[in-house]
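Architecture and fold: a report
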Amino acid sequence: MLSSILLAAEEAVEAAESGGLPQLDASTWPSQIFWLAVTFAILYWLMSSYFLPRIGGAIEERRDRIADDLDKAAESKRLAEEAEAAFNRSLGEARIRARAIAGEARDEAAAEIVAMQKEADASLAGKTAEAEKRIHDMKANAAAKVREAANDTTRAIVEALILETPTDAVVSAAVAKAVKA
Amino acid sequence: MIHAMLHPLEALGLQAAGPMEQFQILPIIPLTLGDIDISFTNSALWMTIGVAAIIVFFAMATGRRALIPGRLQSMAEILHEFVANLVRDTIGHDGKKFFPYVFTLFIYIFVANYFGLIPSIPGSAHELHTFTTTSHIIVTFSLAMVTITIVLVYGFAKNGLKFLKLFAPAGLPFVLYFLIVPIEIISFLSRPISLGVRLFANMLAGHIILKLFAGFVISLLGAGGFAMILSIAPFLGSVAIFLLEFLVAGLQAYVFAILTCIYLSDAAHAAEH
């Protein structure tokens, strides 16, 4: 087992010594240099003139697009903020206006109530006066009627007593005298 | 003797190749350019496979170019951003023009390292075995030299002779310059070597160890008896090494890319030193 490892190692060393490093065989160098130059040149030409600009272009394009989109987003945000400010402004204005309208309405209503109260008071006073007048009239009427009735009664009593019809003036004076007394 | 023991395993396509065989360069299509041999080899094959895979991946990933990316596009974009950040952070504003180079370098090494970890198809021809192109010093050194060449050309083009201030940082006592300047020059000259050797050595060592452990497993299995049970030890070892190599493959691609960025940054800002 050990001997086989040693044999393999020995063989490796032998190969290295006998043939020498293939890398140091100068007769293969021109061919290697030639094909290295050919393959490397082709690759360099394709890379520099075609593939790398394409990849770089794609990356650049994406970067531009992202920057564009970010700009657009910022613009949209600005617009939204503006709209919000405008909304808040108009909301404030509306609030002020509403407050003014409410105040006005309150004042108007109060004025109306005062006016109505005045009107009601006036009509009430009128009606009271009217009623008072009517009561007064009715009182006077009643008094007159009572007096007339008293006159009539007096006249009738006098007629019955003295068979003489007294004049109205005398009757009235007598009744008035009696009433006074 | 070993061959006789391995016969039943060889029938399954399992054979203990030497740890150096995986690095052999084998021609597939012989080609010459003048006197120079530029045969299409297994190395060239895996370079082609790697680049083709990268191209297919990016073609699919960038095909739709959607605003909301799919999985492939996300992966491509993450890679793009990863390297772009690396370049921006190390080089700064001037880094933009080097981004395609650093990206290509990173993805090329990344894929080469990882494709090298794919197991070969058992029983396939040696030419078609998985091959790690970055395990060859000439490949990594060439890539390093490209970086250093760019550093030199760009450094002088941008800073003129002030690029040489890289070797003589301002604000030191005069005497120290006799010490600092040679040190800086040596450090600059060793950059392509260290850059190339770091990647190459990591790949080489990792693959040798991986193959050694795998070879032990085969040898022990071939030995039969009690040794077969023991083969579990190198098997677990090879799994552990594979996990390590999985980490190293990504890490070394990253290290190569970041060092390239640092050197380019030196070139861009040499006059300010």
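This one's a predicted model, so the numbers in the text were calculated from it and none came from an experiment.

Quick look at the confidence of the model for chain A
- For chain A, the average pLDDT comes to 87, and 90% of its residues sit at 70 or higher.
- Within chain A, the element-level pLDDT minimum falls on helix H1 (residues 2-19) of chain A, averaging 55, and the maximum on helix H2 (residues 29-162) of chain A, averaging 93.

A look at the nonpolar core
- Core analysis: the largest hydrophobic core is formed by 65 residues, its most contacted members being Met47(A), Phe58(B), Val102(B), Phe103(B), Ile107(B), Leu143(B) and Phe256(B).
- Counting residues per element, the ones that place at least two in this core are H2 of chain A together with helix H2 (42-61), helix H3 (71-91), helix H4 (99-115), helix H5 (137-159), helix H6 (177-223) and helix H8 (232-269) of chain B.
- Discounting chain neighbours no more than four positions away, the residues touching Val102(B) are Val83(B), Val87(B), Ala257(B), Thr260(B), Cys261(B) and Leu264(B).
- With six residues, the next largest nonpolar core counts Met20(B), Phe200(B), Leu204(B) and Ile208(B) among its residues.

Concerning the interface of chain B and chain A
- Opposite the 57 residues of chain B that make contact, chain A presents 42 residues.
- Each partner contributes to the roughly 4600 Å² buried at the junction of chain B and chain A, and carbon and sulfur atoms together form 77% of this total.
- Between the two partners, chain B and chain A, sit two salt bridges.
- We note a salt bridge from Arg63(A) to Glu81(B), for which the minimum N-O separation is 3.2 Å.

Brief notes about the side chain of Ser231(B)
- Mapped onto the secondary structure, Ser231(B) falls in the loop between helix H7 (226-230) and H8.
- Ignoring sequence-local partners within four residues, the contact set of Ser231(B) consists of Val217(B), Leu220(B) and Leu221(B).

Some points on the confidence of the model for chain B
Residues and elements named next belong to chain B.
- Across chain B, the average pLDDT comes to 88, with 93% of residues at or above 70.
- Per-element confidence in chain B is highest for H4, whose mean pLDDT is 96, and lowest for helix H1 (residues 2-11), whose mean pLDDT is 48.
- A low-confidence stretch, residues 1-7 (pLDDT under 50), is modelled with eight contacts involving residues beyond four sequence positions or located in other chains.

A closer look at the pattern of salt bridges
- Following the criterion strictly, the structure yields eleven salt bridges over all chains and no others.
- Here Arg62(A) ties to Glu77(B) by a salt bridge, and the two come within 2.8 Å at their closest N and O atoms. Remark: Glu77(B) occurs in helix H3 and Arg62(A) occurs in helix H2; the pair is interchain, linking two chains. Like Arg62(A), the residue Glu77(B) is buried in the burial classification.
- Ionic pairing is found between Asp94(B) and Lys158(B), a salt bridge with its closest N-O pair at 3.3 Å. Of this pair, Asp94(B) sits in the loop between H3 and H4 while Lys158(B) sits in helix H5, placing them 64 residues apart in sequence.
- We classify Asp94(B) as buried; its relative accessible area is 17%.
- Accessibility expressed as a relative area gives 38% for Lys158(B), which makes it partly exposed.
- Taken together, the shared-partner salt bridges connect Glu60(A), Arg63(A) and Glu81(B) into one network.

Rules behind the numbers
Residues numbered from 1 in each chain as written. Chains lettered and ligands numbered in written order. Predicted model: local features only at pLDDT ≥ 70, side-chain atom pairs only at ≥ 80, totals over all residues. Heavy atoms only, no water. pLDDT = per-residue confidence, 0-100. Helix = DSSP H or I, 4+ residues; strand = E, 2+ residues; numbered from the N terminus. Core = buried A, V, L, I, M, F, W, Y, C linked by side-chain atoms within 4.5 Å. Buried < 20%, exposed > 50% of the residue type's maximum accessible area, 1.4 Å probe, protein only. Contact = heavy atoms within 4.5 Å. Buried area = accessible area lost by both parts, 1.4 Å probe. Salt bridge = Lys/Arg side-chain N within 4 Å of Asp/Glu carboxyl O.

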